[in-house]
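# Observations on chain architecture
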2 protein chains.
Amino acid sequence: MTAYELISKKRDGHELSDEEIAFIIDNFTQDNLPDYQMSAFLMAVFFQGMNDRETMSLTRSMLESGDIVDLNEIPGIKVDKHSTGGVGDKVSIVLAPIVAAAGVPVPMISGRGLGHTGGTLDKLESIPGFRVDYSIAEYKEKIAKIGVCLIGQTPTLVPADKKMYALRDVTATIQAIPLITGSIMSKKLAEGIDALVLDVKTGKGAFMQTYDKSVELAKKLIAVGEQFGKPTIAYITNMNEPLGNKIGNWLEIEECIDALHGHGPEDLMEITHQLSGAMIYLGGKADSIEQGVSISKEIIQSGKAYQKFLEIVDEQNGDMTYIQSPEKYKKAKFISEIKAGQSGYIQSMDALEIGLTSVSLGAGRQKSDDIIDPETGIVLHKKIGRQIDSDETIITIHTNKENVIERAKQRLLKSVRISDAPVNNDRLVIEKLDKNSI
Amino acid sequence: MTAYELISKKRDGHELSDEEIAFIIDNFTQDNLPDYQMSAFLMAVFFQGMNDRETMSLTRSMLESGDIVDLNEIPGIKVDKHSTGGVGDKVSIVLAPIVAAAGVPVPMISGRGLGHTGGTLDKLESIPGFRVDYSIAEYKEKIAKIGVCLIGQTPTLVPADKKMYALRDVTATIQAIPLITGSIMSKKLAEGIDALVLDVKTGKGAFMQTYDKSVELAKKLIAVGEQFGKPTIAYITNMNEPLGNKIGNWLEIEECIDALHGHGPEDLMEITHQLSGAMIYLGGKADSIEQGVSISKEIIQSGKAYQKFLEIVDEQNGDMTYIQSPEKYKKAKFISEIKAGQSGYIQSMDALEIGLTSVSLGAGRQKSDDIIDPETGIVLHKKIGRQIDSDETIITIHTNKENVIERAKQRLLKSVRISDAPVNNDRLVIEKLDKNSI
């Protein structure tokens, strides 16, 4: 067996055996298969795809490239959530305390932001003192103690993915469904879950821009999860406008605090309760997803979610006083308002462009070693469907860089379309998929 | 413009501009574009192809990556031949002296053997003293003096191809028609030709195994040649059995000497005269290809081709006495005969397998730094369609390695199929294509 033969085989549309896939992944991870052969292989997979068995096999080889966390000694059904990422998507930070407060342990290993979408870790780290770099042993201790822990990838979990992702990122092979599936599922399976809820975004600000591709990805993710014996539910949700009103790290934490106090924006709460409800159901603490959603809402109303969040912040070395008094957080140097300029109804908002603009303000990374300004970002005062007057402020920007303000304002104004006629926004949660859908 | 954007663009099936193709080729040649991005790009080209304009642009960028030989000071229309390579294909060595003797200058830069096909340079170097490593200045001098020179690639001609070919060879991206076209045509255009004749092989022992693919390649080659203002004629020829009776470096030179004396095997001579005729026509020394073919035959009959070959050998430092008395050449240590084992008619011969077996005997390279035994190889006493008796010798093998003999005999016997019923062989020269065909 040689890498050349396996590249040719996939290139010609043939199915690879488990041994052949393991040969590629193992040798690549151990630096025995050069990047230039791997990138040719990845591009061949982009064009020829992989069937469910191959995708399962890819996921297993990636998973087994490193350590796999064993949470069996912690009682309960451990459930995590994964989102394919969107602009303003802060759901994890509201959902994790809700689900943990419902008695379902939440092992959550998250990523950082790159490109137009932010990362949960960056948002959490905007809380002074908050640490996400705990060891696996500490991660297990914290889940056992308070039912939840939110950390970043460790070098020993799925090293294959780290190497593959870096190569895919520079060779235009990110957007291949079997590779996305292997990457997401190997990381989730490595963190010690028993069940999984997925939020597969669709639309302009999403990773998968078309509905069909989003459904295809969701089905592959469910197929792999179920084959590993982990019940998996996926929601297809709309990412045609940013989620919630705030984009930027600390700004999003502020919005999460509001949400935990019961004052979250409608769209954020709809998705949060839906996903939390499914997690509470999969965690065995509700008889149906609907009941799970009711429990989720009660946990917010009762203040238990907020209390759990304070517990998380405290346990992960964060300064709780900023959660209790968010107004004391340092503000960005320049805060500038954008007026609508015309009356009417907001017809569309370009989530991708808004995400990219927030990066230009300091809220994200263009390169992986860029430093983030946690207090910068964008506040959307109006969302799709809302009526506006021409002199009304629709957006506020927060930045420390004076020279980017004018360009950012132009981009944001262009990213919002205003219509004379009333507009109905699209449904937010489009579809639920589970093992019966595949 | 970034490599990432151009990989994505080609991956998604869009046409690349001249500037974009030049960006890729120039940066790769100058080591500013890493191998892993180039291999992803090459695989994207494998799947999405390139139109005629892109292929032309690719060829031009490759051509301009190095020096271009200028033969304008040499009078006459300079014509070369290129073959996509086959087992036992020694046509260049018979054809070059014929065409030069007809008064058409032949600038011929050839390659070495790798895999199952031999290389013209290796065959020529089996003549004691023969040199193929002349500088471009010496190459020009020799063409001016005797009308022909046969040398190897120099490092300054088409460096882009050298680097690209090495990468394609290990990433399963050889078989992409635009890339093959760019590789062949950039090298031929760099050597100083005014016109070109192509021999595109098809069938089991060929680079392009299907007829349709061979025609597609021939058309692309013609399109590029004509766009560069170089009249180009292509023949599709059959490679279902080896060409001629001898395979192996000095064995093939022996067969060429016979051919130059007018005793060449029928199939070898048919292709040689057809291609020589086309070259003589393109070189302005005949009014039609048919007349060119007649001239080619006369030049063999009159002994002028043999005389020109002696002149070439002498000019390129070879020992003419071996051409005059080939029997004095050292023989391989082990010469072993293979009997048919059954009576009947030869139905098929697996040229690919015969080529690979000749490599195992010492006649070729498995790796690019392997050393060739010039006196080793295979002699086929019977070809497709010939009637044979079971105790008749059909093949003789020549090798210096005793331990490979038994395995080679088994492989060769298996590569020949014998039928009870008479067999008609396929037509050798299948089709002629020129600018009116594209």
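The model shown is predicted, which means the values in this text are computed figures rather than measured ones.

Cut-offs applied
Residues numbered from 1 in each chain as written. Chains lettered and ligands numbered in written order. Predicted model: local features only at pLDDT ≥ 70, side-chain atom pairs only at ≥ 80, totals over all residues. Heavy atoms only, no water. Buried < 20%, exposed > 50% of the residue type's maximum accessible area, 1.4 Å probe, protein only. Helix = DSSP H or I, 4+ residues; strand = E, 2+ residues; numbered from the N terminus. Pairing = 2+ DSSP bridges. Core = buried A, V, L, I, M, F, W, Y, C linked by side-chain atoms within 4.5 Å. Contact = heavy atoms within 4.5 Å. Phe/Tyr/Trp six-rings, centres within 6.5 Å; stacked < 30°, edge-to-face > 60°. Lys NZ or Arg CZ within 6 Å of the ring centre and 35° of its normal. Disulfide = S-S within 2.5 Å. Domains from an automatic or database assignment. Buried area = accessible area lost by both parts, 1.4 Å probe. Salt bridge = Lys/Arg side-chain N within 4 Å of Asp/Glu carboxyl O. Polar contact = N/O pair within 3.5 Å; in protein donor to acceptor, adjacent residues only side chain to side chain. Nonpolar A, V, L, I, M, F, W, Y, C, P; charged D, E, K, R; others polar. Axes fitted to C-alpha atoms, helices over the stretch in contact; angles between N-to-C directions. Least-squares fit on C-alpha atoms with pLDDT ≥ 70 in both. Expected span 1.5 Å × (residues − 1). Left-handed = near helix turned anticlockwise from the far one by under 90°. pLDDT = per-residue confidence, 0-100. Parallel < 35°, antiparallel > 145°, perpendicular 65-115°, else oblique.

## Thoughts on the pairing of strand S3 (residues 148–152) of chain A
Residues and elements named next belong to chain A. Among the five residues in S3, five count as buried, and that is most of the element. The alternating pattern of S3 places Val148, Leu150 and Gly152 on one face and Cys149 and Ile151 on the opposite face, and all of these are buried. Bridging between strand S2 (residues 106–110) and S3 involves five bridges; their strand directions are parallel. Opposite Met108, over in S3, you have Leu150 as the bridge partner.

## Examining the nonpolar core
Residues A:Ile25, A:Met38, A:Met164, B:Ile25, B:Met38 and B:Met164 are the most contacted members of the largest nonpolar core, which totals 118 residues. With sequence-adjacent residues up to four places away left out, B:Ile25 is seen in contact with B:Met38, B:Leu58, B:Ser61, B:Met62, B:Ala160 and B:Met164.

## Details of the packing of aromatic side chains
All told, the structure shown has seven aromatic pairs over all chains when counted by the stated rule. The interplanar angle of 75° and the centroid separation of 5.3 Å between the aromatic rings of B:Phe46 and B:Phe47 together place this pair among those described as edge-to-face. Residue B:Phe46 is classed as partly exposed on the basis of its relative accessible area, which comes to 22%. Taking 3.8 Å as the distance between ring centres and 5° as the angle between the ring planes, the aromatic pair formed by B:Trp250 and B:Tyr329 counts as stacked. On the criterion of sequence distance, the pair formed by B:Trp250 in helix H11 (residues 249–260) and B:Tyr329 in the loop between helix H15 (320–324) and strand S7 (334–339) is long-range, its members being 79 residues apart. Judged on exposure class, the residue B:Trp250 and its partner B:Tyr329 are both buried. An aromatic cluster is defined as three or more aromatic residues linked by ring pairs; in this entry it consists of A:Phe46, A:Phe47, B:Phe46 and B:Phe47. Stacked on the ring of A:Phe28, the Lys or Arg A:Lys163 has its end atom at 4.2 Å from the ring centre.

## Focus: the state of the cysteines
Using the criterion set out here, one finds zero disulfides over all chains in the structure. A disulfide-free cysteine, A:Cys256 has its sulfur positioned 17 Å from the sulfur of A:Cys149, the nearest such atom.

## Describing the domain arrangement of chain A
Residues and elements named next belong to chain A. Per the domain assignment, the segments of chain A are domain 1 (3–49), domain 2 (79–324 + 430–437) and domain 3 (332–419). Computed over C-alpha atoms only, the centres of domain 2 and domain 3 are separated by 25 Å. Buried area between domain 2 and domain 3, summed over both chains or domains, comes out near 1800 Å², and the portion from carbon and sulfur atoms is 59%. Between the two partners, domain 2 and domain 3, sit two salt bridges. Of the charged contacts, one joins Arg365 and Asp122 as a salt bridge, the two residues approaching to 2.9 Å between their closest N and O atoms. Our count for the contact surface shared by domain 2 and domain 3 stands at nine residue pairs in polar contact (both at pLDDT 80 or more). At the level of secondary structure, the elements contributing two or more residues to the side of domain 2 that touches domain 3 comprise strand S6 (246–247) and helix H11 (249–260). At three residues, the largest contribution of residues to the side of domain 2 that touches domain 3 is made by H11. Partitioned by chemical class, the residues of the side of domain 2 that touches domain 3 number eight nonpolar, 11 polar and six charged.

## Some remarks on the sheet that holds S7(B)
All names here are of chain B. Reading across the sheet, the four strands line up as S6-S9-S11-S7 and stay open at both edges, with antiparallel pairing between neighbours. The open sheet is flanked by strand S6 (246–247) and S7, the only strands paired with a single partner. Relative to strand S9 (residues 377–380), S6 runs antiparallel, the two being bridged by two bridges. Looking at the pairing, Lys246 lines up with Val379 of S9. This element, helix H17 (residues 405–415), spans S7, S9 and strand S11 (393–399) of the sheet and lies at about 30° to S7.

## Some thoughts on the relation of the copies chain A and chain B
Relative to chain B, chain A is turned by 180° and slid 0.2 Å along the rotation axis, the superposed coordinates differing by an RMSD of 0.1 Å. In the structure described here, the two chain copies are related by an operation that fits a two-fold rotation axis. Closest to the rotation axis within chain A is the C-alpha of A:Tyr36, separated from it by 1.9 Å. Counting the interface residues of chain A, we find that 95% of their copies in chain B are interface residues as well, pointing to one common contact surface.

## Concerning helix H4 (residues 52–63) of chain A
All names here are of chain A. Taking 1.5 Å per residue as the helical rise, H4 with its 12 residues ought to reach 16 Å, and the 16 Å between its terminal C-alpha atoms agrees with that figure. Burial of H4 is extensive: nine of the 12 residues sit out of reach of the surface. For H4, every residue scored as buried is listed here: Glu54, Thr55, Met56, Ser57, Leu58, Thr59, Ser61, Met62 and Leu63.

## Some points on the packing of helix H8 (residues 159–171) of chain A against helix H9 (residues 177–190) of chain A
Residue and element names in this part refer to chain A. Remark: H8 packs on H9, axes separated minimally by 11 Å, with the N-to-C direction vectors making an angle of 150°. Considering only the axes of H8 and H9, their crossing is left-handed. The segment H8 lies against H9, with Asp161, Met164, Tyr165 and Arg168 engaging Leu179, Ile180, Ser183, Ser186 and Lys187. Each residue belonging to the contact of H8 with H9 can be placed in one class, and the counts come to four nonpolar, two polar and three charged.

## Description of the confidence of the model for chain A
Per-chain confidence: chain A averages 95 in pLDDT, with 100% of residues scoring 70 or above. Quick note on the complex model: pTM equals 0.89, ipTM equals 0.87.

## Looking at unusual backbone geometry
Residues and elements named next belong to chain A. A positive phi angle, close to 60°, is found at Asp31, a residue other than glycine. At Ala172, a position not held by glycine, the phi torsion is positive, near 60°. As for its placement among the helices and strands, Ala172 is situated in the loop between H8 and H9.

## Observations regarding the sheet that holds strand S13 (residues 429–433) of chain B
Residue and element names in this part refer to chain B. What the four strands build is an open sheet, ordered S1-S4-S5-S13; its pairing is mixed. The sheet is open, and its two edges are formed by strand S1 (79–83) and S13, each paired on a single side. Averaged over all pairs of adjacent strands, the angle between their axes in this sheet comes to 15°, without regard to strand direction. With five bridges joining them, S1 and strand S4 (residues 195–202) adopt parallel strand pairing. Bridge pairing in S4 places His82 opposite Leu198.

## Notes on the side chain of B:Arg411
Residue and element names in this part refer to chain B. Tracing the sequence through the fold places Arg411 in helix H17. A relative accessible area of 17% means that Arg411 is categorised as buried. What Arg411 contacts, discounting residues up to four positions off in sequence, is Glu353, Leu356, Thr357 and Ser360.

## Concerning the side chain of A:Glu255
For A:Glu255, the location among the structural elements is in helix H11. Polar side-chain contacts of A:Glu255 include one of 2.6 Å to the side chain of A:Lys90.

## Brief notes about the packing of H4(A) against H9(A)
Residue and element names in this part refer to chain A. Viewed as axis vectors pointing N to C, H4 and H9 meet at an angle of 45°, and their least axial separation amounts to 8 Å. Compared by their axis directions, H4 and H9 come out oblique. In this structure, the crossing between H4 and H9 has a hand that is right-handed. Within the contact between the two elements, H4 uses Thr55, Leu58, Thr59, Met62 and Leu63 and H9 uses Pro178, Leu179, Thr181, Gly182, Ser183, Met185, Ser186, Leu189 and Ala190.

## Digging into the environment of B:Leu282
Residue and element names in this part refer to chain B. Along the chain, Leu282 turns up in helix H12 (residues 266–282). Residue Leu282 is classed as buried on the basis of its relative accessible area of 13%. Along the sequence, Leu282 and Gly318 sit 36 residues apart, while their C-alpha atoms lie 30 Å from each other. Here Leu282 is in contact with Ile77, Val79, Ala195, Leu196, Val197, Pro231 and Ile233, once residues within four sequence places are set aside.

## Details of the interface of chain A and chain B
The partner chain B presents 20 residues to the 21 residues of chain A that form the contact. Roughly 1800 Å² of surface becomes buried between chain A and chain B when both sides are summed, with 73% attributable to carbon and sulfur atoms. In terms of surface lost to chain B, no three residues of chain A exceed A:Arg11, A:Tyr36 and A:Phe47, which account for 34% of the buried area on that side. Our enumeration of links across chain A and chain B arrives at zero salt bridges. Taken together, chain A and chain B are joined by seven residue pairs in polar contact (both at pLDDT 80 or more). Contributing elements (two or more residues each) for the side of chain A that touches chain B: helix H1 (3–11), helix H3 (35–48) and H8 of chain A. Sort the elements by how many residues they give to the side of chain A that touches chain B and H3(A) lands first, with 10 residues. Residue classes in the side of chain A that touches chain B are distributed as 11 nonpolar, six polar and four charged.

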